Amino acid sequence: MEKLVNKIQSDIEELKNRVGEKNAAKLELDKCMRIIKRLEEFSANCEECHQYVNDLESHFIKLLNQTKTEELTQQDIKLHRKITANITSHLINKHKLVTSGYYMSVYLSLGLSLGMVFGLLLFDNMPLGLPIGMGIGVAIGSGLDTDAKKKGKVL
Ligand SMILES: [Zn+2]
């Protein structure tokens, strides 16, 4: 498995050099690198992760071969994103990983809605509650994000 993962990583590096910065960003190749590391971690105990590693190997070989002769199309990028989105949701749902800044976005919007409610209830002034709700949301969200990072739960 380790050999295969190393091979995919070098394929991704090569692809990165070949498609240029803009397409590399569109393909989220840095994220792919993180995904592949996670799959390696989990593949010993998870059949699906194991399968995803194999899928990604053939997927990147295909992309590499294609870029030798032609440009990537919107369609290719769309398909690639679909594949990585599938894997990402498996990692999130099954292995309890979170994306970077996940808790911040959740608690910020929660804080804002609660802030509006409390502003209305306590001060009879909805906007007055917003900065309070926002402050609390940011505090909790960034705390949880830091915690998730410490525990190695951030994808
Ligand atoms: Zn898995």
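Worth saying up front: this structure is predicted, and the values here are computed from it rather than measured.

Brief notes about helix α1 (residues 2-26)
Part 1: With 25 residues, α1 ought to run about 36 Å at 1.5 Å a step, yet its terminal C-alpha atoms sit only 27 Å apart, falling short of that.
Part 2: Maximum bend of α1: about 125°, positioned at Gly20.
Part 3: All of the buried residues along α1 are Ile8, Ile12, Leu15 and Val19.
Part 4: Buried residues in α1 make contact with α2 (29-43) and α3 (47-69).
Part 5: Immediately beyond the C-terminal end of α1, within one or two residues, lies Glu28, with a positive phi of roughly 50°.

Looking at the packing of α2 against α3
Part 1: Their axes nearest at 8 Å, the elements α2 and α3 cross at an angle of 140°. When the axes of α2 and α3 are compared, the pair comes out oblique. Handedness of the crossing formed by α2 with α3: left-handed. Where α2 abuts α3, its residues Ile36, Leu39, Glu40, Phe42 and Ser43 lie against Cys49, His50, Tyr52, Val53 and Leu56.
Part 2: Taken together, the residues that form the contact of α2 with α3 break down as seven nonpolar, two polar and one charged.

About the thresholds
- Residues numbered from 1 in each chain as written.
- Predicted model: local features only at pLDDT ≥ 70, side-chain atom pairs only at ≥ 80, totals over all residues.
- Helix = DSSP H or I, 4+ residues; strand = E, 2+ residues; numbered from the N terminus.
- Expected span 1.5 Å × (residues − 1).
- Bend = angle between axes of the 7 residues up to and from the residue.
- Buried ≥ 20, exposed ≤ 12 C-beta atoms within 10 Å, placed from the backbone.
- Contact = placed C-beta atoms within 7 Å.
- Axes fitted to C-alpha atoms, helices over the stretch in contact; angles between N-to-C directions.
- Parallel < 35°, antiparallel > 145°, perpendicular 65-115°, else oblique.
- Left-handed = near helix turned anticlockwise from the far one by under 90°.
- Nonpolar A, V, L, I, M, F, W, Y, C, P; charged D, E, K, R; others polar.

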